[in-house]
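Structural overview
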Amino acid sequence: MPHYDPATIEAKWQAAWDEDGTFIAREDPARPKYYVLEMFPYPSGRIHIGHVRNYTMGDVIARFKACTGFNVLHPMGFDAFGMPAENAAMASGGHPKTWTYDNIDTMVAQMKPLGFSLDWTRMFATCDPEYYGQQQALFLDFLEKGLVYRKNAVVNWDPVDMTVLANEQVIDGKGWRSGAEVERRELTQWFFKISDFSEDLLDALDTLDDWPAKVRLMQENWIGKSRGLRMSWSLTAPVHGFDAIDVYTTRPDTLMGASFLGLSPDHPLARALEADNPEMAEALAAMRKGGTTEEALEKAEKLGFDTGLKVRHPLNPDWEIPVWVANFILMDYGTGAIFACPAHDQRDLDFCRKYDLPVIDTFLSAENPQPVTTEAFVPPKTEPVRWVNHFAGLDIATGQEAIDATIAYMEDRDLGTGVTQFRLRDWGLSRQRYWGCPIPVVHCDACGVVPEKKENLPVTLPDDVSFDIPGNPLDRHPTWRDVPCPACGKPAKRETDTMDTFVDSSWYFARFTAPRAETPTDPDAAAYWMNVDQYIGGIEHAILHLLYSRFFARAMHITGHLPAKSREPFDALFTQGMVTHAIYKTTDAQGRPVYHYPEEVELRDGKGFLADGTEVEIVPSAKMSKSKNNVVDPVAIIEKYGADTARWFVLSDSPPERDVEWTAAGAEGAYKHLGRVWSLSDRIAQMDPAAPGDGDDDLLRAMHKTIFDVTGGIESFGFNAAIARLYAFTNTLAKSKASHAAQRSAIMTLAQLMAPMTPHLAEDIWVRQGGEGLLARAPWPVADEAMLIEDTITLPIQINGKRKSEIEVARDASKEDVEKIALSDDAVVKALAGGQPRKLIVVPGRIVNVVI
RNA sequence: GCCCGAGUGGCGGAAUUGGUAGACGCAGCGGAUUCAAAAUCCGCCGCCGCAAGGCUUGCCGGUUCGAGUCCGGCCUCGGGUACCA
């Protein structure tokens, strides 16, 4: 008897699909289309188990939809620009382009044996000039429609390496290579006007019914719509042309608790003042140290500088309040100036305690009225509180009521304006780096910023660059940088910043509909294939990538590159969990972290050691990340057991939305199971067709139940539960004594139901049982509803809510009959001891509860 | 700091969304087969207890005839935090 030999089977069926062109997507108006997309990978070097899991999920959906009558588009590409390529070039002297394309070749070679139903003819990498040239065309169209502009923004500046750092490259406020304290520095940069769409991006979340609620909630919070008050605080004496300071607040109800007026260190007034005040300049320089992330700003120790200026309280001109500069105030949000109310904001309170500024309660807890000491009192805006300091004479009212009342009061007296504000900021896309899409503009002394002509696109990256010194090689590449002005022809300079890699991934899904078109999209192809019916990717992209893509889809509609229906490009979203793995860490002489690969670490008694005996720190369950060296390579699994085992295993072991900690155990079990199914098929094929059988009806009922459960499981992303049903049905079939006809029907159906997960094995069983054509194209089995209904059911009996017994009743037994049977049950009779139940609850078809 | 999740046997997890907690798999234990082993097949397998029985879904409290599921308060872990992708 031949044995299960995945190496042979898998190669054979992959060749058969290739020859048939099974997965090549062609527009066909006669058939409904289905576009399945998994977030495309960064070409980090080798695929890891997370990729296998992610793409297998998409493949299950793609294969399932193809068998249920859809014309499926299932493409793959690479998100190929980004920092790791430059870091690799710096570390080993190669070129980012070589590194990237070599990695892509390796990863494609690793992915193909997995047998994904991908249309490889549509593949591209975002670093292909063909792709990024079209992205430059999009940029120019956006520019023309006013969707892109320039303004100043802060970056992390490494004063030793003289270069801009990514947030990731700032560790504890220091540059990752130089170790120097990072400074915040302003540069003129390009921005997409995503804020024009704040309201729309927020409102449209309600239409995304097939997105996870948590993602919509995260986006809602990120966009952060708030209603507040904008008002002016007049200075007691004008300075540097300022006679007042504009402030925005979402808590105008706390106006009477104002303690000081705070300016961002980047506020124009702060900058004007420090110019002729060395002491202040020094203090502000200290405040500008450290990274630019929100987390760093929020967690940094509160620093302040008293400007000596005073403003008058808008409601009481005699009340003078000091003006301070404070490091926790963001220039990007509101007006870059706040009034601080320490009693009801923890940051303000920490600041006031440190600098000995007054703390004034405006309201107290209704039940427990205590003045604020070390903890700010910040109840939900919907909770009623007792007002002790409010101009409108409120007593008990909620924060929201007080806010509304305050805004009305201030507007009536012309002291301020109620405004709606969004937290969402414009998207800064400039990066001072080489390995990205060049921004297609030229800076001319005479003409200013001049867009490159479309016929000159793509503006390609030069190949002759070096990475031996920090900074952007484009900046120091005269023959690339120095060009004639496209408008006047005089000497000018190219923009040397490149685009954020999020730009690349914000429209690739549209490009896949016509990957070789000579415009960014092809209208007919986009109209047919868009939208993405099912998008699958990691929860780590819940905010930025998805929000940026939603913006891009809108902007591409405005510029005529996508139809109106694609303003929301992803109809359904599934966020799979991450594959996690411990990180093994030591520190070098400078105290910087060094990460070790799992294969370098020997585990003993829960501790890890390197070959030389050094103990490593183990950080459990961390996201697999190239830079942390905790990536698990699936290639060994595929080589040992085959692709079907790898696919089956990554789906079977945990629910797809949950993180999974990778362990090697278990793959063996999956492999054994597939071998069992293969042998079972072989045994059935050798049965005597004429021999009598027993239990055909039971087997066929189990089969239809399995069809029903597995179909539902796949449709609802319950892959692990669907696989559990397939295990159970395999066990049933293995024990069955049914006739050959029934068993053949059962094994062929089993093969079909397994096909989305283990397509090669399934095709092989299909053809050995005499199935016609490719299983990949065979119609999906449909459960016969009549076979799903059982005649009798088992009802559990609870006594006082605890299960004590169970009864068999007819499926359609009346409530009265069930009560009668339940009350005559031994356990119930015993528990009642002759008495009457206090209450008898019968939930038909579910449960009986006897309350005594 | 702030926003969003997750927590169930030795392990991964299931539970028709308020109705039998532990499906299915892994590991383990026992048996069959074998000269022996591997492979395969059969059975057992939450915890305490000799048993009767009791306990059990991170912790504390609540709602309910009934809570893994709903509500309130904590703890731990993970994701995001706008230049990692």
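Scroll up for the structure.
Residues numbered from 1 in each chain as written. Chains lettered and ligands numbered in written order. Predicted model: local features only at pLDDT ≥ 70, side-chain atom pairs only at ≥ 80, totals over all residues. Heavy atoms only, no water.

If you tally the helices and strands in chain A, you get 26 helices and 36 strands. Overall, chain A is about 105 × 85 × 65 Å in size when its C-alpha atoms are taken along their principal axes. A burial count over chain A gives 53% of its 852 residues as buried. Residue pairs at least 24 apart in sequence account for 71% of intrachain contacts in chain A once pairs closer than 6 positions are excluded. As displayed, chain A has an accessible area near 37,700 Å², and 51% of this comes from carbon and sulfur atoms. Distance between charge centroids for chain A: 1 Å, based on 86 positive and 122 negative side chains. (Helix = DSSP H or I, 4+ residues; strand = E, 2+ residues; numbered from the N terminus. Buried < 20%, exposed > 50% of the residue type's maximum accessible area, 1.4 Å probe, protein only. Contact = heavy atoms within 4.5 Å. Areas by Shrake-Rupley, 256 points an atom, 1.4 Å probe, with all protein chains shown as cover. Lys, Arg positive; Asp, Glu negative; His and termini not counted. Charge placed at Lys NZ, Arg CZ, Asp CG, Glu CD.)

With that settled, the discussion passes to the sheet that holds strand β25 (residues 534-538). Strand order in this open sheet of four strands is β2-β1-β25-β26, and the pairing throughout is parallel. Where the open sheet ends on each side, the last strands, each with one partner, are β2 (71-73) and β26 (573-576). Across the sheet, the mean angle from the axis of one strand to that of its neighbour is 20 degrees, orientation sign disregarded. As paired strands, β25 and β26 are joined by four bridges and run parallel to one another. Bridged to Y535 within β26 is L573. (Pairing = 2+ DSSP bridges. Axes fitted to C-alpha atoms, helices over the stretch in contact; angles between N-to-C directions.)

Looking now at the side chain of E86. Of note, E86 is situated in helix α3 (residues 83-92). Summary of buried charges: E86 has no salt-bridge partner, and the nearest side chain of opposite charge, R433, is 5.7 Å away. A polar side-chain atom of E86 sits 2.9 Å from the main-chain amide nitrogen of Y434. Sequence-distant contacts of E86, defined by excluding residues within four places in its chain, comprise P96, R433, Y434, W435 and F467. (Salt bridge = Lys/Arg side-chain N within 4 Å of Asp/Glu carboxyl O. Polar contact = N/O pair within 3.5 Å; in protein donor to acceptor, adjacent residues only side chain to side chain.)

This paragraph deals with the packing of helix α7 (residues 213-223) against helix α17 (residues 544-558). Geometry of a packed helix pair, given as the angle between the helix axes and the separation of the axes. At a minimum axis distance of 10 Å, the contact between α7 and α17 shows a crossing angle of 75 degrees. One finds that α7 runs roughly perpendicular with respect to α17. Residues V215, Q219, W222 and I223 of α7 touch α17, and the partners they reach there are L544, L546, L547 and R550. Here the contact of α7 with α17 is composed, by residue class, of six nonpolar, one polar and one charged. (Parallel < 35°, antiparallel > 145°, perpendicular 65-115°, else oblique. Nonpolar A, V, L, I, M, F, W, Y, C, P; charged D, E, K, R; others polar.)

On to the nonpolar core, then. Judged by nonpolar contacts, the single largest core of 156 residues is most densely connected at Y508 and F552. Among the elements that take part in this core, helix α2 (residues 49-67) stands out by supplying nine residues, more than any other. Sequence-distant contacts of F552, defined by excluding residues within four places in its chain, comprise L138, F142, F192, W427, V503, S506 and W507. L273, F305, I403 and I407 belong to the second largest nonpolar core, which has 30 residues in total. (Core = buried A, V, L, I, M, F, W, Y, C linked by side-chain atoms within 4.5 Å.)

Now for the protein's contact with RNA strand B. Looking at RNA strand B, there are 66 residues lining it, with N167, E294, R433, D653 and N849 nearest. A distance of 2.5 Å separates a sugar or linking oxygen of RNA strand B from a polar atom in the backbone of N167. In this structure, a phosphate oxygen belonging to RNA strand B sits 3.5 Å away from a side-chain N or O atom of R658. Of the residues contributing to the surface near RNA strand B, the split by class is 23 nonpolar, 18 polar and 25 charged. (Near = heavy atom within 4 Å.)

Let us look at the pattern of salt bridges. A side chain of one charge can pair with a side chain of the opposite charge when the charged atoms of the two come close. Summed over the entire model, instances satisfying the criterion amount to 33 salt bridges. Put simply, D709 and R725 hold a salt bridge, and the shortest N to O gap is 2.7 Å. Of this pair, D709 sits in helix α21 (residues 696-715) while R725 is found in helix α22 (residues 719-735), placing the two residues 16 residues apart along the sequence. Taking relative accessible area as the criterion, R725 reaches 27% and is therefore assigned partly exposed.

A separate point is the sheet that holds strand β16 (residues 396-398). Strand order in the open sheet made by the three strands is β14-β15-β16, with antiparallel pairing throughout. Each end of this open sheet is capped by a strand with a single partner; those strands are β14 (363-365) and β16. Taken over all neighbouring pairs, the strand axes of this sheet differ in orientation by 50 degrees on average, direction set aside. Pairing geometry for strand β15 (residues 384-387) and β16, over three bridges, is antiparallel. For P384, the partnering residue across the bridge sits in β16 and is T398. Together, β15 and β16 form the strand contacts of helix α12 (residues 399-412), whose direction differs from that of β16 by roughly 90 degrees.

To continue, consider the environment of Y34. Structurally, the position occupied by Y34 is in strand β1 (residues 33-38). The buried category is assigned to Y34, whose relative accessible area is 10%. The residues touching Y34, leaving out its near neighbours within four places in the chain, are I61, K65, F70, N71, V72, L73, D533 and Q534.

As a further point, take the state of the cysteines. Per the counting criterion, the structure on display carries zero disulfides. In this structure C447 is not part of a disulfide, and its nearest cysteine sulfur, from C488, lies 3.6 Å away. A residue is classified by how much of its surface remains accessible, and C447, at 36% relative accessible area, is partly exposed. Cysteine C485 remains unbridged, with the sulfur of C444 as its closest cysteine sulfur at 3.7 Å. (Disulfide = S-S within 2.5 Å.)

With that out of the way, let us pick up empty space enclosed by the protein. Under the definition given, this model contains two cavities of 30 Å³ or more. Size it by volume and the largest cavity reaches roughly 70 Å³. Taken together, R63, F64, C67, A755, P756, P759, E763, L775, A776 and W780 make up the full set of residues lining the largest cavity. Elements with a minimum of two residues in the lining of the largest cavity: α2 and α24 (759-768). Empty space within the second largest cavity amounts to approximately 30 Å³. Every residue lining the second largest cavity is listed: F124, D128, E130, Y131, R511, P515 and R516. A per-class count over the lining of the second largest cavity returns three nonpolar, no polar and four charged. (1 Å grid on protein atoms, 1.4 Å probe; cavity = no way out; pocket = protein on both sides within 12 Å on 5 of 7 lines; lining within 4 Å. Points joined across faces, edges and corners; volume = space filled by probe spheres on them.)

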